[in-house]
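# Observations on the three-dimensional arrangement
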Amino acid sequence: MADEQRSRLGRGLASLIGDVGGEAAHLERPRAQRKVPIEFLKANPRNPRRAFSDAELGELSDSIKQHGVIQPIVVRPVKGAQDRYEIIAGERRWRASQLAGLHEVPIVPIDVSDAVALEIAIIENVQREDLNALEEAQGYHALAEEFKHSQEDIAKIVGKSRSHVANMMRLMKLPADVQALIAAGKLSAGHARALIGVPDASSAAKRIVEEGLNVRQAEALAHEEGVPERAPQKARAGKAAKDPDTLALEKRISDALGMKISIDDRGGAGAVQIKYRDLDQLDDIVRRLEAGG
């Protein structure tokens, strides 16, 4: 996909379907919106969103009964099948429309590749904050593994920082049972990032859930669980060992920035050291400071 096309994707779904600014987001201008029988549509197997709450679908269905489908469903033609479409963005609206008993739904057909279809699906869900942390991580992972996008490319596509993308993708390294807790909403992304690298992440995750630990408490627990018993941390000559809260805070900031952080606390005052690996990371730090965080 061309750089120009990718940058336009990041502007949002509104520009894609042409209802803002009149500019098409793809090489081919989107076709006109029209209505088709609801059975002409099928779900997208690559949709990063897997969980659809029955309560949310019920509420949306009630709204659709009163007001109809306000925003059209973005689809692409199914190859080799006449009048059949695969949903790119709007599967929740399609499901709720079925519950509402609609016979037709509005669509905007576009002709795009598998990679772009996945990008659009991720963009819509991320912008609406509809994805849980694991679904977001899986979407980014698919773009990287299947379509060879770099983390920088993905960040530009979805309008997030590279460090955010990197941190979310790290969740894919966690054991399957821990990922299941994330998908179920029992662990937040902050909880999950604290568990990366912990030898027995499954046991730690179970404790976090059972004891209702917050993110900072989870970070402290992860540090305790992650230090091998045979190699306890030793204080440097002339310096006291860092307490668990300081170490947990270092990890929290490091995960947020995607860079190594060191905190030197001396009774409530001290210094924070940020280590960057190249000038691009240094520029990223400067941009964040100038933007107010």
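In this text, all values refer to a predicted model and were calculated from it rather than measured experimentally.

Structurally, Lys160 is set in the loop between α7 (151-158) and α8 (162-169). For Lys160 and Val126, which are 34 residues apart along the polypeptide, the C-alpha to C-alpha distance reads 9.5 Å. Ignoring anything within four residues of it in the chain, the contact list for Lys160 reads Val126, Tyr140, Ala155 and Val165.

Grouped together as the largest cluster of nonpolar side chains are 38 residues, with contacts concentrated most on Tyr140, Leu171, Leu174 and Leu195. At the level of elements, α5 (114-128), α6 (133-147), α7, α8, α9 (176-183), α10 (189-195), α11 (201-211) and α12 (215-226) are the ones that each hand at least two residues to this core. At seven residues, α6 tops the list of elements feeding residues into this core. Taken together, domain 1 (30-123) and domain 2 (173-229) each give at least three residues to this core, which thus spans both. In this structure, Val75, Tyr85, Trp94 and Ile107 belong to the second largest nonpolar core, which totals 11 residues.

Unlike most non-glycine residues, Asp83 shows phi in positive territory, near 55°. Inspection of the secondary structure assignment puts Asp83 in the loop between β3 (73-77) and β4 (85-89). Even without glycine at this site, Lys148 takes up a positive phi of about 60°. With relative accessibility at 65%, the residue Lys148 sits in the exposed group.

Oppositely charged side chains can pair when the atoms bearing their charge come close. Counted according to the given criterion, the structure contains four salt bridges. Its salt-bridge partner being Asp114, residue Arg76 comes within 2.7 Å of it at the nearest N-O pair. You can see Arg76 sitting in strand β3 and its partner Asp114 sitting in helix α5, a full 38 residues away along the chain. Look at Asp114 and you get partly exposed, because its relative accessible area is 35%.

Here we take up α7. Looking at α7, one finds that the buried residues are Ile154, Ala155, Ile157 and Val158. Here the buried residues of α7 occupy an arc of 165° about the axis, which is enough to place them on one side. Count one or two residues on from α7 and you reach Gly159, which has phi positive near 75°.

Glancing now at the packing of aromatic side chains. Inspection of every chain in the model, using the stated rule, returns zero aromatic pairs. Over the face of the ring belonging to Phe52 we find Arg95, whose NZ or CZ atom lies 4.5 Å from the ring centre.

This part takes up the sheet that holds strand β2 (residues 41-42). With respect to topology, five strands assemble into an open sheet ordered β1-β5-β3-β4-β2, the strand pairing being mixed. Here the strands that pair on one side only, and so sit at the sheet edges, are β1 (34-37) and β2. Judged from the two bridges that link them, β2 and β4 form a sheet pairing that is parallel. Considered in β4, the bridge of Lys42 is made with Glu86. Sitting on the sheet, helix α4 (residues 91-99) touches β2, β3, β4 and β5 (104-109), and the angle it makes with β4 is about 120°.

Let us look at the packing of helix α3 (residues 54-67) against α4. Packed helices, taken two at a time, are described by their axes: the angle between them and the distance between them. It is at 8 Å that the axes of α3 and α4 come closest, and there the two elements cross at 70°. Relative to α4, α3 is oriented roughly perpendicular. Between α3 and α4 the crossing geometry is right-handed. Residues Glu56, Leu57, Leu60, Ser61, Ile64 and Lys65 of α3 touch α4, and the partners they reach there are Arg92, Arg93, Arg95, Ala96, Ser97 and Leu99.

Here we take up the side chain of Glu250. On the secondary structure map, Glu250 appears in helix α13 (residues 244-257). What makes Glu250 buried here is its relative accessible area of 10%. Excluding anything up to four places from it in sequence, Glu250 contacts Lys242, Ile261, Ser262 and Ile263.

Conventions used here
Residues numbered from 1 in each chain as written. Predicted model: local features only at pLDDT ≥ 70, side-chain atom pairs only at ≥ 80, totals over all residues. Heavy atoms only, no water. Helix = DSSP H or I, 4+ residues; strand = E, 2+ residues; numbered from the N terminus. Contact = heavy atoms within 4.5 Å. Core = buried A, V, L, I, M, F, W, Y, C linked by side-chain atoms within 4.5 Å. Buried < 20%, exposed > 50% of the residue type's maximum accessible area, 1.4 Å probe, protein only. Domains from an automatic or database assignment. Salt bridge = Lys/Arg side-chain N within 4 Å of Asp/Glu carboxyl O. Arc of directions from axis to C-beta. Phe/Tyr/Trp six-rings, centres within 6.5 Å; stacked < 30°, edge-to-face > 60°. Lys NZ or Arg CZ within 6 Å of the ring centre and 35° of its normal. Pairing = 2+ DSSP bridges. Axes fitted to C-alpha atoms, helices over the stretch in contact; angles between N-to-C directions. Parallel < 35°, antiparallel > 145°, perpendicular 65-115°, else oblique. Left-handed = near helix turned anticlockwise from the far one by under 90°.

By themselves these figures say nothing about function.
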